[in-house]
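Listed below, chain by chain, are the residues.
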Amino acid sequence: MPTPQTKLQVPRISDAVASALERRILEGSLKPGDRLPPERELSLELGVSRPSLREAIQKLASKGMVQSRQGGGTYVTDRLESSFFDPWQDMMGAHPNLREDMLEFRRMLEGQAAEWAAERATEADLTRLDQAFATLAEAFAADDLERRSSADIAFHQAVGEASHNALVGHLSAALLRLMQDNIRLNLGELKSIPAAGSLLMGQHAAIHAAIRERKPQAARAAAETHIDFVRETLAQSLRSAARRETAARRLNTDFSPSTIS
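Residues numbered from 1 in each chain as written. Predicted model: local features only at pLDDT ≥ 70, side-chain atom pairs only at ≥ 80, totals over all residues. Heavy atoms only, no water.

**Overview of the overall build of the protein**
From N to C terminus, the protein includes 11 helices and 2 strands. Counted from the first residue to the last, the protein has its helices and strands arranged as α-α-α-β-β-α-α-α-α-α-α-α-α. Counting the 261 residues in the protein, one finds 39% classified as buried. By sequence separation, contacts in the protein at least 24 residues apart represent 72% of the contacts at least 6 residues apart. Approximately 15000 Å² of the protein is accessible, and the part contributed by carbon and sulfur atoms is 55%. (Helix = DSSP H or I, 4+ residues; strand = E, 2+ residues; numbered from the N terminus. Buried < 20%, exposed > 50% of the residue type's maximum accessible area, 1.4 Å probe, protein only. Contact = heavy atoms within 4.5 Å. Areas by Shrake-Rupley, 256 points an atom, 1.4 Å probe, with all protein chains shown as cover.)

Here it is, written out as structure tokens:
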């Protein structure tokens, strides 16, 4: 007897829409904190009805990928990054030696990200990288530590996303967020060294140029050289901070005759 034909499973429209929005979140087109376009605008862009769009957004909300906020609007959450970030942030505070392990991991991750970016970056990625590099150059020209650290993080994140590997992009974002205080500390210490700013900009320029020129191995080497420099200067920063704390305690020592035997 002939076997009955298997019915073709047609996906629900809301599932397809949820998948499309989820893909945007994974690839970094929609970032944590971004607000989704208004319902009418987004339904027209995707070519679906507003009820189907609402159902899709509810599916993403049930996964914790988006949430509605008081006052209106639906926003992308940081769930993909916070699941990595939150426990490690607590442990970094309790175990300072983990900073070295984190930098070692960052060296491996950013070296690979730069190599893949040199191989895979699209013209749009390169334009975005150009913009991030220009912003970084402006930030280093200005005497604003917060602006420098934000621009530094944005440049490295642009490299991570140009690698076109979703895990690399999100892990890079989580690591950079985790190390934001260390990056600020590093840049603060380096401000007192006259040549340090130009060294850092030279390292970023080397990463930028190698990716633009499609030189994967040079991009990896430039990224690894930069992290090696960061590791050494961070170690120096921590040693300097420890010396300052020791000196401050000594300054408070009471040398009055009555306390000297």
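**Some details on the packing of aromatic side chains**
Here a ring pair, both rings aromatic, is described through the centre-centre distance and the interplanar angle of the planes. Per the stated rule, a full pass over the model turns up 1 aromatic pair. The interplanar angle of 55° and the centroid separation of 6.1 Å between the aromatic rings of phenylalanine 133 and phenylalanine 155 together place this pair among those described as tilted. One end of the pair, phenylalanine 133, is in helix α6 (residues 123-141); the other, phenylalanine 155, is in helix α7 (residues 145-162), and 22 residues separate them in sequence. No difference in accessibility class separates phenylalanine 133 from phenylalanine 155, as the two residues are buried. (Phe/Tyr/Trp six-rings, centres within 6.5 Å; stacked < 30°, edge-to-face > 60°.)

**Brief notes about empty space enclosed by the protein**
Under the criterion given, the structure shown has 2 cavities of 30 Å³ or more. Within this model, the second largest cavity holds a volume of roughly 70 Å³. Taken together, 13 residues form the lining of the second largest cavity, with Ile25, Pro32, Val76, Thr77 and Leu80 sitting closest to its centre. Top contributing element to the lining of the second largest cavity by residue count: helix α4 (residues 79-94), with 3 residues. Split by residue class, the lining of the second largest cavity holds 6 nonpolar, 3 polar and 4 charged. (1 Å grid on protein atoms, 1.4 Å probe; cavity = no way out; pocket = protein on both sides within 12 Å on 5 of 7 lines; lining within 4 Å. Points joined across faces, edges and corners; volume = space filled by probe spheres on them. Nonpolar A, V, L, I, M, F, W, Y, C, P; charged D, E, K, R; others polar.)

**Focus: the packing of helix α5 (residues 98-120) against α7**
It is at 7 Å that the axes of α5 and α7 come closest, and there the two elements cross at 60°. Classed by the angle they form, the pair α5 and α7 counts as oblique. As for the relative orientation of α5 and α7, their crossing is left-handed in sense. Only Asp152, His156, Val159, Gly160 and Ala162 of α7 make contact with α5, whose side of the interface consists of Arg106, Glu110, Ala113, Ala114, Trp116, Ala117 and Arg120. Along the lines of polarity and charge, the residues of the contact of α5 with α7 split into 6 nonpolar, 2 polar and 4 charged. (Axes fitted to C-alpha atoms, helices over the stretch in contact; angles between N-to-C directions. Parallel < 35°, antiparallel > 145°, perpendicular 65-115°, else oblique. Left-handed = near helix turned anticlockwise from the far one by under 90°.)

**Details of the packing of helix α1 (residues 13-27) against helix α2 (residues 39-46)**
Remark: α1 packs on α2, axes separated minimally by 12 Å, with the N-to-C direction vectors making an angle of 100°. The orientation of α1 relative to α2 falls into the category roughly perpendicular. Within the contact between the two elements, α1 uses Val17, Leu21 and Arg24 and α2 uses Leu42, Glu45 and Leu46. Considered class by class, the residues forming the contact of α1 with α2 number 4 nonpolar, no polar and 2 charged.

**A look at the nonpolar core**
Inside soluble globular proteins, nonpolar side chains tend to come together where they are buried. Among the nonpolar cores identified, the biggest contains 29 residues, and Phe155, Val159, Ile207 and Ile211 are the most heavily contacted of them. Only α5, α6, α7, α9 (180-190), α10 (196-212) and α11 (216-251) provide two or more residues apiece to this core. Looking at which element gives the most residues to this core, the answer is α6, with 7 residues. Sequence-distant contacts of valine 159, that is, excluding residues within four places in its chain, are made with Ala113, Ala114, Ala117, Leu129, Ile207 and Ile211. (Core = buried A, V, L, I, M, F, W, Y, C linked by side-chain atoms within 4.5 Å.)

**Thoughts on the side chain of serine 163**
Within the secondary structure layout, serine 163 lies in the loop between α7 and α8 (166-178). Engagement of the side chain of serine 163 in a polar contact is seen with the backbone oxygen of glycine 160, the distance being 2.6 Å. If sequence neighbours within four positions are ignored, serine 163 has contacts with Ala113, Trp116, Ala117, Arg120 and Val168. (Polar contact = N/O pair within 3.5 Å; in protein donor to acceptor, adjacent residues only side chain to side chain.)

**Description of the pattern of salt bridges**
Enumeration according to the criterion identifies 17 salt bridges in this entry. The shortest N-O distance in the salt bridge between glutamate 39 and arginine 50 comes to 3.0 Å. Taken together, the residues span a long stretch of sequence, with glutamate 39 in helix α2 and arginine 50 in helix α3 (residues 50-62) at a distance of 11 residues. In this structure, the salt-bridge partner of arginine 107 is glutamate 224, at a minimum N-O distance of 3.8 Å. You can see arginine 107 sitting in helix α5 and its partner glutamate 224 sitting in helix α11, a full 117 residues away along the chain. On the basis of relative accessibility, which here comes to 25%, the residue arginine 107 falls in the partly exposed class. On the accessibility criterion, glutamate 224 (17% relative accessible area) is buried. (Salt bridge = Lys/Arg side-chain N within 4 Å of Asp/Glu carboxyl O.)

So yeah, pure geometry; function would need other evidence.
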